[in-house]
Amino acid sequence: MEDKSNKVYGPIGSGRLLTIEVILDDGLIIYSGEIDEAPENIRQLKYSHIEMTRPMKYYVYSKWN
């Protein structure tokens, strides 16, 4: 299985009008709610992969943020 933590993409805040969960290091949910209402520090996090579920799950890793 590919280690998805080795890739990094743009900031979470580039999305619009979505309900999301932001998951840090494959475990801790650090934000859950509308992307447009997320604090700036959450919107600036770079994500490594997304699960297309409801809500969409953005995975972020401390080594990139």
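Placed above this text is the structure.
Residues numbered from 1 in each chain as written. Predicted model: local features only at pLDDT ≥ 70, side-chain atom pairs only at ≥ 80, totals over all residues. Heavy atoms only, no water.

A. Molecular detail of the sheet that holds strand β2 (residues 28-34). Pairing in this open sheet of four strands is mixed, and the strands run β2-β1-β4-β3 from one edge to the other. At either margin of the open sheet sits one strand with a lone partner, and together these are β2 and β3 (47-51). Direction aside, neighbouring strands of the sheet carry axes that sit 20 degrees apart on average. Of the pairings in the sheet, the one linking strand β1 (residues 19-24) to β2 comprises six bridges and is antiparallel in character. What sits directly across from Thr19, in β2, is Glu34. (Pairing = 2+ DSSP bridges. Helix = DSSP H or I, 4+ residues; strand = E, 2+ residues; numbered from the N terminus. Axes fitted to C-alpha atoms, helices over the stretch in contact; angles between N-to-C directions.)

B. Examining the packing of aromatic side chains more closely. Throughout the structure, instances matching the rule amount to two aromatic pairs. With centroids separated by 5.2 Å and ring planes inclined at 90 degrees, the aromatic side chains of Tyr47 and Tyr58 adopt a geometry described as edge-to-face. A residue pair is termed long-range when its members are at least 10 positions apart, and Tyr47 in strand β3 and Tyr58 in strand β4 (residues 56-60) qualify at 11 residues. (Phe/Tyr/Trp six-rings, centres within 6.5 Å; stacked < 30°, edge-to-face > 60°.)

C. Geometry of the pattern of salt bridges. Applying the stated criterion across every chain yields a total of two salt bridges. In this structure, Glu40 engages Arg43 in a salt bridge whose closest nitrogen and oxygen atoms are separated by 4.0 Å. Of this pair, Glu40 and Arg43 both sit in helix α1 (residues 40-43), separated by three residues, roughly a single helical turn. The exposure class of Glu40 is partly exposed, given its relative accessible area of 48%. Looking at Arg43, the relative accessible area reads 16%, which means it is buried. (Salt bridge = Lys/Arg side-chain N within 4 Å of Asp/Glu carboxyl O. Buried < 20%, exposed > 50% of the residue type's maximum accessible area, 1.4 Å probe, protein only.)

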